[in-house]
Amino acid sequence: MDPLEDVLALLETRGHLSAGLVAGGRWAVRFDAPDGVKFNAVRRGTCLLSVEGTDTTVSLSEGDCYLLTRPLGFTLRGDDEAVPVAAATLFSAPAGGPAHAGEGEDTVLIGGGFSFGERARALLLDPLPPVIHIPAGSDEAGTLSWALTQIDRELRDREMASTLVAEHLAVVMLVHVLRLHLAREPRAVSGWLAGLADPVVATALTSMHTAPGQAWTVAGLARAGAVSRSTLAARFKDAVGQGPLDYLTGWRIELASARLREGTDTLATIARAVGYGSESALSAAFKRVTGSSPRAYRDRHRARHP
């Protein structure tokens, strides 16, 4: 698996669609901070997005899409003078149809969000900027049009399993947005995501994610990328912020943590699966990285999720 696919799978990424929003005239809607990642796509008209706690204000036009990656309140508005209405009030009214704000149907949005496993903030969201905006006029935006059109159709036609199909399409859209953002602004992210924008570093990351249990060395990873050891070490540290083997240790511990949370395998079995020769070797690395022993970690998780 490639690193992005690996992380999204580990985090159990799920898409969720909300009722659409139809607005016109003088209108503004304030949304509470989302639990995960929020997205909206403008299917018709224009509006303005402002995000609380930041100086981010984005003009949105037909075909634009954005992701809000932080738990921050935000407002969508069609008029600077309009007093915002609470989204919870508007969205409690529709019964299978869109919410309505203001008067008329000048602007139409579809939206939803993504939920993740408990490590999402550290693994995926922290390296991203608070808002990712993909303008319709950009070369990259065409890549999203198919998914958005299909989501729109599923929500409109309501054929069998339409909600399930639309939610899977939303995950497709998320992957496209992340790809496009990495290609367009590689320096706007940090950590392993930034490494995906460097082909040499991306090769090393893919090698480690494909075979995390292999006894990798920096020299071996460098050979996989057809570069020198020193070149890989320098470029990896510059892009990711840590050395290749430190990253590998962290990823192995993430994999071990997931197995401890979700399964009943013995520590010895987990140790072999993620590249440690013994239970004691895994325990030492796990405690060094997390501050907790594997057994204590599993016990705490079971106590919280009986």
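Structure: see above.
Each chain carries its own residue numbering, running from 1 in the written order of its sequence. Local features in this predicted model are restricted to residues of pLDDT 70 or higher, and side-chain atom pairs are both shown and tallied only at a pLDDT of 80 or more, whereas totals for entire chains, interfaces and linings draw on every residue. Only heavy atoms go into the side-chain values, all of them from the structure, while hydrogens and water stay out.

A.B. asks: Provide a residue-level description of the packing of aromatic side chains, including the pertinent values.
C.D. replies: In this scheme Phe, Tyr and Trp rings, the latter by its six-membered ring, pair at centre separations within 6.5 Å, and the angle between planes marks the pair as stacked below 30 degrees, edge-to-face above 60, and tilted otherwise. Evaluation of the coordinates by the stated rule reveals six aromatic pairs. Note on phenylalanine 31 and phenylalanine 91: the rings are 5.9 Å apart at their centroids and 55° apart in plane angle, and the pair reads as tilted. Of this pair, phenylalanine 31 sits in strand E3 (residues 28–31) while phenylalanine 91 sits in helix H2 (residues 87–91), and the two are 60 residues apart along the sequence. With a centroid separation of 5.5 Å and 70° between ring planes, the pair formed by phenylalanine 286 and tyrosine 297 is classed as edge-to-face. Placement of phenylalanine 286 in helix H12 (residues 279–290) and of tyrosine 297 in helix H13 (residues 294–304) is noted, with a sequence separation of 11 residues between them. Taken as a pair, phenylalanine 286 and tyrosine 297 share a single burial class, namely buried. Members of the aromatic cluster, joined through ring pairs, are Phe31, Tyr66, Phe74 and Phe91. The rule is short: NZ of Lys or CZ of Arg within 6 Å of the ring centre and within 35 degrees of the ring normal puts a charge over the ring. One residue, arginine 252, lies across the ring of tyrosine 276, its end atom 5.6 Å from the ring centre. The helix and strand labels rest on DSSP assignments: H or I over at least four residues marks a helix, E over at least two residues marks a strand, and numbering proceeds from the N terminus. Think of it in three bands: with a 1.4 Å probe and only protein chains considered, a residue is buried below 20% of the maximum accessible area for its type, exposed above 50%, and partly exposed in between.

A.B. asks: An account of the pairing of strand E4 (residues 37–44) is requested, with residue identities and associated values reported.
C.D. replies: E4 sits mainly inside the fold: six of its eight residues count as buried. Of the strand pairs in this sheet, E4 and strand E11 (residues 107–115) are connected by seven bridges, and their pairing is antiparallel. Directly across from asparagine 40, in E11, lies its bridge partner glycine 111. In short, DSSP must find at least two bridges between two strands for them to pair. The pairing of E4 with strand E7 (residues 65–68) spans four bridges and is antiparallel. Note that in E7 the partner of lysine 38 across the bridge is leucine 68.

All quantities given are derived from atomic positions and should not be read as evidence of function.
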